[in-house]
Amino acid sequence: EVQLVQSGAEVKKPGEPLKISCKVSGYSFTSYWIGWVRQMPGKGLEWMGIMNLGDSNTRYSPSFKGQVTISADKSISTAFLQWTNLKASDTAMYYCSVAVDGLYWFDPWGQGTLVTVSS
Amino acid sequence: QSALTQPASVSGSPGQSITISCTGTSSDVGGYNYVSWYQQHPGKAPKLMIYDVSSRPSGVSNRFSGSKSGNTASLTVSGLQAEDEADYYCSSYTISTTPDYVFGTGTKVTVL
């Protein structure tokens with residue numbers, strides 16, 4: 001069974017850095033995409049970016065390019081989403097999910113990581 | 001790239017059928033059969049309900065079905081049940097922007 005387990009909730013101050021993780025287990029495919037999705041409080045889902053864990057090809061939404069960095073450590077089947085300078089507006093739930101390379105849907109999803117940025 | 005357009009809310013009585021629309025353009029919904037639908041209960045992660053316009057993952061009730069006509073995709077829930085009350089989002093592959101996918105605005109389904 002494929003499982004995505006995300007790191008726990010974070011409370012940070014504006015200006016601080018943060019790196020959250022998404023560990024993939026039970027996946028037998030050699031090439032797949034990890035997607036990161038933001039959901040601000042009471043709002044809808046937004047694609048932030050996707051990364052191919054096979055060749056590290058990374059594609060960001062224009063809204064998030066330069067604001068976050070998506071990376072991965074293939075040796076531990078873990079993807080990361082990081083900020084160097086958090087803002088209060090980064091307060092949101094962040095989800096990761098996977099898609100097999102060549103297929104166009106994401107399933108399953110991680111449980112989500114709640115990031116709260118407040119002074 | 002703007003989000004795909006969905007109605008903000010749809011409601012129905014138990015046992016009835018409801019349909020949620022998802023309107024895009026020829027660069028996304030209309031151009032590719034890569035529309036998926038996700039169900040999200042409050043406080044929970046999204047769950048895949050339909051992929052490739054009309055295919056249903058293993059374990060998803062056959063009360064859920066998908067279709068597409070032109071630039072509009074649709075999700076139909078038949079035999080509405082209390083547990084179907086949730087938010088629903090469509091997503092489509094797109095060539096208009098990275099990261100190659102766009103979500104719909106989301107629809108709140110209420111079971112009366």
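Being a predicted model, the structure only gives us computed values, none of them experimental.

Asker: Quick question: what am I supposed to make of the pattern of salt bridges here?
Answerer: Opposite charge on two side chains makes pairing possible when the charged atoms of those side chains draw close. Inspection of every chain in the model, using the stated rule, returns 3 salt bridges over all chains. The partner of A:R59 in a salt bridge is B:D100, and the shortest N-O contact between them spans 2.7 Å. You can see A:R59 sitting in strand β6 (residues 58–60) and its partner B:D100 sitting in the loop between β7 (86–93) and β8 (101–103), one on each of two chains. The exposure class of A:R59 is partly exposed, given its relative accessible area of 27%.

Asker: Hey, could you run me through the state of the cysteines in this one?
Answerer: Disulfides are covalent bonds that connect the sulfur atoms of two cysteines. All names here are of chain A. Counted under the stated rule, the structure contains 2 disulfides over all chains. Here C22 engages in a disulfide with C96; their sulfurs sit 2.0 Å apart. As the torsion about the S-S bond is roughly 80°, the C22-C96 disulfide counts as right-handed. Here C22, found in strand β3 (residues 18–25), pairs with C96, found in strand β9 (residues 92–100); they are 74 residues apart in sequence, far enough to count as distant. There is no split in this pair, since C22 and C96 are both buried.

About the criteria used
- Position numbers for residues start from 1 in each chain and track the written sequence from start to end.
- Chains and ligands are labelled by the order in which they are written, letters from A for the one and numbers from 1 for the other.
- Only residues with pLDDT of at least 70 are given local features in this predicted model, and only at 80 or more are side-chain atom pairs given and counted; all residues enter the totals for whole chains, interfaces and linings.
- Remark: hydrogens and water are excluded; side-chain values derive from all non-hydrogen atoms of the structure.
- What makes a salt bridge here is a side-chain nitrogen of Lys or Arg within 4 Å of a carboxyl oxygen of Asp or Glu, nothing more.
- For the purposes of this entry, the term helix denotes a DSSP run of H or I that reaches at least four residues, the term strand denotes a run of E that reaches at least two, and both are numbered from the N terminus.
- Per-residue accessibility, obtained with a 1.4 Å probe over protein chains only, is compared with the maximum for each type, and a residue is labelled buried under 20%, exposed over 50%, and partly exposed between these values.
- The disulfide criterion is simple: two cysteine sulfur atoms within 2.5 Å.

Fair warning: the whole summary comes from geometry, so function is off the table for now.
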